[in-house]
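Breakdown of the fold
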Amino acid sequence: MKLTRRKAIIGGIIAGGVLGVGFWFARERDRLGHRTLFRVGPEEAGLNGWIKIKRDDTVVVAVPRAEMGQGVQTALAALAAEEMDARWDQVRVDDPPEHVVYRNVEILIDGLPFSPEESGAMVDMAHWAAGKFGGVLGVLATGGSTSVRDAWIPMRTAGAVARDLLLRAASRKSGVPVGELVVSDGEVRRKDGGRVARFGELLDQIEHLSAMPAPPLKKPSEFKLIGKPLPRLDIPAKVTGAATFGVDVRRPGLVYAAVMNAPTFGGAASGFTVKGSLPKGVEKIVVVPGGVAAIGSSWWRANKLLAEGIDVQWQAGPEPKLDSAGLWRRYEALLQDGKPALTRTRGTEPKPATTRPFEATYRAPYLAHTTMEPMNCTALVAERDGGKTVEIWMPNQSPTLMRLIAAKTADVAQADVTVHTTFLGGGFGRRAEVDLVRQAVTCALAMPGRPVQVLWSREEDIRHDYYRPMALARWRAELDTSGVAPKLVSVAKRQVAQSPTDQFPARTIGLPTQGKPEGNAVENPPYDFPYYRLDAIVAEGAVPVGFWRSVGHSHTAFFDESFVDELAHALKQDAVAFRRALLAGKPRHLKVLETVMRESGWGRPLPSGSGRGVALRASFGSIVAQVAEVAVANNALQVKRVTCAVDCGPVVNPAIVRAQMESGIVYGLSAALYGEITLADGAVEQSNFTDYDAVRLADAPAIDVHLVDSGSAIVGGIGEPGTPPIAPAVANAVFAATGKRLRSLPLKLV
Amino acid sequence: MISFTVNGQPARVEVEADKPLLWVLREDLAIVGPKFGCGVAACGACTVHVDGEAVRSCSVAVAGVAGKTVTTIEGLARGSATTLHAVQKAWIEQQVPQCGYCQPGFIMATAALLKANAKPTDKDIDEALSNICRCGTYGAIRRAVHRAASLLAGGS
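Residues numbered from 1 in each chain as written. Chains lettered and ligands numbered in written order. Predicted model: local features only at pLDDT ≥ 70, side-chain atom pairs only at ≥ 80, totals over all residues.

Turning our eyes to something else, we now look at the overall build of chain B. Looking only at helices and strands, one finds five helices and five strands in chain B. Beginning at the N terminus, the succession of helices and strands in chain B can be written as β-β-α-β-β-β-α-α-α-α. Relative to the globule expectation of 15 Å for 156 residues, the C-alpha radius of gyration of chain B, 15 Å, shows essentially globular dimensions. In terms of principal-axis extent, the alpha carbons of chain B reach across some 45 × 30 × 25 Å. Among the 156 residues that make up chain B, the fraction classed as buried is 55%. Counting contacts in chain B only where the partners sit at least 6 residues apart, residues at least 24 apart contribute 62% of the total. (Helix = DSSP H or I, 4+ residues; strand = E, 2+ residues; numbered from the N terminus. Rg over C-alpha atoms; globule rule 2.2 N^0.38 Å. Buried ≥ 20, exposed ≤ 12 C-beta atoms within 10 Å, placed from the backbone. Contact = placed C-beta atoms within 7 Å.)

With that out of the way, let us pick up the domain arrangement of chain A. Residues and elements named next belong to chain A. Each assigned domain of chain A is listed here: domain 1 (31-104 + 139-239), domain 2 (246-317 + 375-455) and domain 3 (324-367 + 466-738). With centres defined by C-alpha atoms, the gap from domain 1 to domain 2 works out at 37 Å. Taken together, the contacts link 11 residues of domain 1 with 13 residues of domain 2. The class makeup of the residues in the side of domain 1 that touches domain 2 is five nonpolar, three polar and three charged. (Domains from an automatic or database assignment. Nonpolar A, V, L, I, M, F, W, Y, C, P; charged D, E, K, R; others polar.)

Another aspect to go through is the nonpolar core. Residue and element names in this part refer to chain A. Formed by 279 residues in total, the largest nonpolar core has its most connected members in Val61, Ala257, Ala379, Ile392, Val437 and Val730. Tallying contributions element by element places helix H18 (residues 654-673) first for this core, with 11 residues. With residues up to four places along the chain from it excluded, the contact list for Val61 reads Trp50, Ile51, Leu76, Ala77, Ala80, Ala81, Val91 and Val93. (Core = buried A, V, L, I, M, F, W, Y, C linked by C-beta atoms within 7 Å.)

Residue and element names in this part refer to chain A. Read across the open sheet, the three strands follow the order S5-S6-S7; overall the sheet is antiparallel. Taken across any chain shown, the strands that pair with only one partner, and hence form the sheet edges, are strand S5 (181-184) and strand S7 (195-198). Taken over all neighbouring pairs, the strand axes of this sheet differ in orientation by 25 degrees on average, direction set aside. Contacts from helix H6 (residues 154-174) reach S5, strand S6 (187-190) and S7, with the element oriented near 125 degrees to S5. (Pairing = 2+ DSSP bridges. Axes fitted to C-alpha atoms, helices over the stretch in contact; angles between N-to-C directions.)

Taken together, the contact pairs 46 residues of chain A with 42 residues of chain B. Within the residue set of the side of chain A that touches chain B, elements represented by two or more residues are helix H8 (235-240), helix H9 (299-308) and H18 of chain A. Broken down by element, the residue count for the side of chain A that touches chain B peaks at seven residues, all from H18(A). Residues belonging to the side of chain A that touches chain B are distributed by class as follows: 25 nonpolar, 12 polar and nine charged.

A separate point is the sheet that holds strand S1 (residues 44-48) of chain A. Residues and elements named next belong to chain A. Taken together, the four strands give an open sheet; going across it, the order is S1-S2-S3-S4, and neighbouring strands pair in mixed fashion. The outermost strands of the open sheet, each flanked by one partner alone, are S1 and strand S4 (91-94). The average undirected angle you get between the axes of adjacent strands in this sheet is 30 degrees. Pairing between strand S2 (residues 51-54) and strand S3 (residues 59-62): three bridges, direction antiparallel. When the bridges of S3 are listed, Lys52 appears paired with Val60. Contacts from helix H2 (residues 72-84) reach S2, S3 and S4, with the element oriented near 125 degrees to S3. Sheet contacts for H6: S1 and S2; angle to S1, the most-contacted strand, approximately 125 degrees.

It is common to give the size of an interface as the accessible area lost on bringing the parts into contact. All names here are of chain B. The domain architecture assigned to chain B consists of domain 1 (2-75) and domain 2 (86-152). For domain 1 versus domain 2, the separation of C-alpha centres amounts to 21 Å. In this complex, domain 1 contributes 15 residues to the contact, which on the side of domain 2 involves 12 residues. For the side of domain 1 that touches domain 2, the elements supplying multiple residues, two or more each, are strand S3 (47-50) and strand S4 (53-56). Ranked by the residues each element gives to the side of domain 1 that touches domain 2, the list is headed by S3, at three residues.

Quick look at H18(A) now. An ideal rise of 1.5 Å per residue puts 28 Å on 20 residues; H18(A) measures up with 28 Å between its terminal C-alpha atoms. Burial of H18(A) is extensive: 18 of the 20 residues sit out of reach of the surface. (Expected span 1.5 Å × (residues − 1).)

Residues and elements named next belong to chain B. Taken N-terminus to C-terminus, the directions of helix H2 (residues 86-93) and helix H3 (residues 103-116) make an angle of 125 degrees; their axes are 9 Å apart at the nearest point. Compared by their axis directions, H2 and H3 come out oblique. Considering the relative orientation of H2 and H3, their crossing is right-handed. Facing H2, whose interface residues are Val87, Gln88 and Trp91, H3 presents Gln103, Ile107, Thr110, Ala111 and Leu114. (Parallel < 35°, antiparallel > 145°, perpendicular 65-115°, else oblique. Left-handed = near helix turned anticlockwise from the far one by under 90°.)

Our next topic: the confidence of the model for chain B. Averaged over all residues, the pLDDT of chain B equals 96, while 97% of them reach at least 70. Among the prediction metrics, the complex's ipTM stands at 0.98, with pTM recorded as 0.94. (pLDDT = per-residue confidence, 0-100.)

Here we take up H6(A). Residues and elements named next belong to chain A. If you check H6, its first and last C-alpha atoms are 30 Å apart, about what 21 residues at 1.5 Å a residue would give, namely 30 Å. In terms of burial, H6 is a largely internal element, 18 of the 21 residues being buried. Gly175 occupies a position one or two residues after H6 and carries a positive phi of about 80 degrees.

Here is the structure:
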């Protein structure tokens, strides 16, 4: 059963290549790229596909990943700059053209539904296949906390090859043997320190040389930039208003489009009637996939028209009467009797003993992303030689996918589509979706020669998201009560949720669904239980679900870490001591847990009405533990401080790692305290920050982040792992403070 | 025709009187620093100064600023082409922005706060800055507000 399912997944990856994305035959034997690849202009010289230098000594590094706040431009540029010994203040970044060398291989490998502890021939084969086909497919994508993990070797290799080329160019220019030269502080020097050439002086020499195989990469002890809190490259533009987000794209002849999406999921517009004539500022109304768009010189006017001046004939989606209560009933039935899509066991199933069950059921709601920058995409369809070309400007997490969808929508070849990725005003997984590019190209086809900027209101954003799945889980433990103290015999969990990894390829490139759960949602807890069983049931339904910062970890961590806490209490043990005993074989997890205990003052007395809670979750290759300290008064919950310990392996930029932990915590806390999307009559009930709120300064806890170095050489992700532990840490703290166990998100005291 | 001053320059626009200032800035004047976030004055991404006071420009009709002086993030450091406003300097020093979309709003709200209250407490800051940042840069914002206050007081 297991083998068949896994084979199907690999088959799906292969099918993805054949059916959807098309083959790029990756003739390159590595990911270095030719040095003309990175749009090399006059007064520039390409050193390889990732690095070019300018006459003024500037080093430009290709960053083919979306900057959505996670600091990816800074982190990736530092990898290249480190190995070429560039000075940080001479480094700039730029978007490279789409090419297979810039593919994100790690994101495909990471997308496989295996727990990190799992190994064996089948897992190895799947990893190999994903790597292989990642190369063939050439996916440019940002997500899954994969960017640094993916770039760690290729971008450092690019830097090392660049340094070698600079040394040989300087030798050629000066006649000094290569062996006597070094790159230091952004110029080529003699080993005794005398300057031989600035980078900009070597442009003409480089043309005559070809890249040699990569010299050995630096040892960590030789790092000068990696591991330092280098200032972020994107910040200056972000404090002056100069940074260009998707909504800031201004092109000659630009018009704006507001959208009204079908009220029920999967619905569509079949027609519309404008009340009276079109007002000034609105030129055209068009039916777009999923809704209608009003296009004109003013987005504000167009949006107002949609709200007040138009009647649309809507085709209902498949579940027009869906409501939250009905959905929970459906999930409860599945929890009871649903056939698991995945069953996993560890340990030996215990023989019947004198046991009593200990059971708890947990709930997590649908969540919207609410990126600060509302959803948008700008598209231009132009005539060329009797055919069409398409240009896209978009804050997006996968230019490869956007190009594919734009080409399909406009019925042109992918080669006739150009995608420009702007800064993203938040991504969180939402900007991997293709709904906006479909709508924007549809509008642009109706306005040939005019760039059309489609922008959704916040209301459309919240009501037409691809939601973090709602999920239901029942944990059950068997406790041996024959002795003096109760003893843990086994644990088992049944969990119900829809699967974003099943839905996403279906709705984007038309792959058949395979009924498999999302990998993050079914990762095993790290604890060495005497016996563990997981049954994951995949729910069907009309509500679209998608990737949301840490995806399934965000609810599964709540289920698992709440239950472990309850179990500790039932066994009359300290929550931390209980976890430690079950982590005896996991030194990295233990060190993270011990760090957070020490730094949070675990066990130190707190005033009455206050409490601490702990939670631990490994995700995306990193291990994070958090202790939340809460105060509860008059049924009002305040999260006072959060102590966080993280082991992410080698740290590229400690300031960014800290910032990402804080960011993940606040994002997770907004969900834990306020986040809940509910349905009535097939539609989402929430509409704006007024009823789908986020943590603000006044309720933001003090956050203290500690980086744990366990000596691991394996790079972990950092954009998402801060999010999963916060909800259970707060819930466990509420229990410590009040004795009240909250088993549903968001956490409500009354 | 509605006339007002934006970042030191005269502006004259012929638009509906109820068109929000935010959209006049972004669509008619090509000033895109103030950001659209919610349209209902709930998030603060569109914050600008009108006669020195922080306002949420998505919910202010342009007719209401006739004859007034509007300052956006682009004009905050006006008068010193090569330097930045103390709040912007503090924002860089404390490495505040992540995605950065909400930051023009936070910076403008902070500049107005510090004009009214040169040495705000954490509580003052919490009350004055009710903007939303989905990247959760709040800790860095608190530090940067204090730092900007100190820079404005002549600190180095």
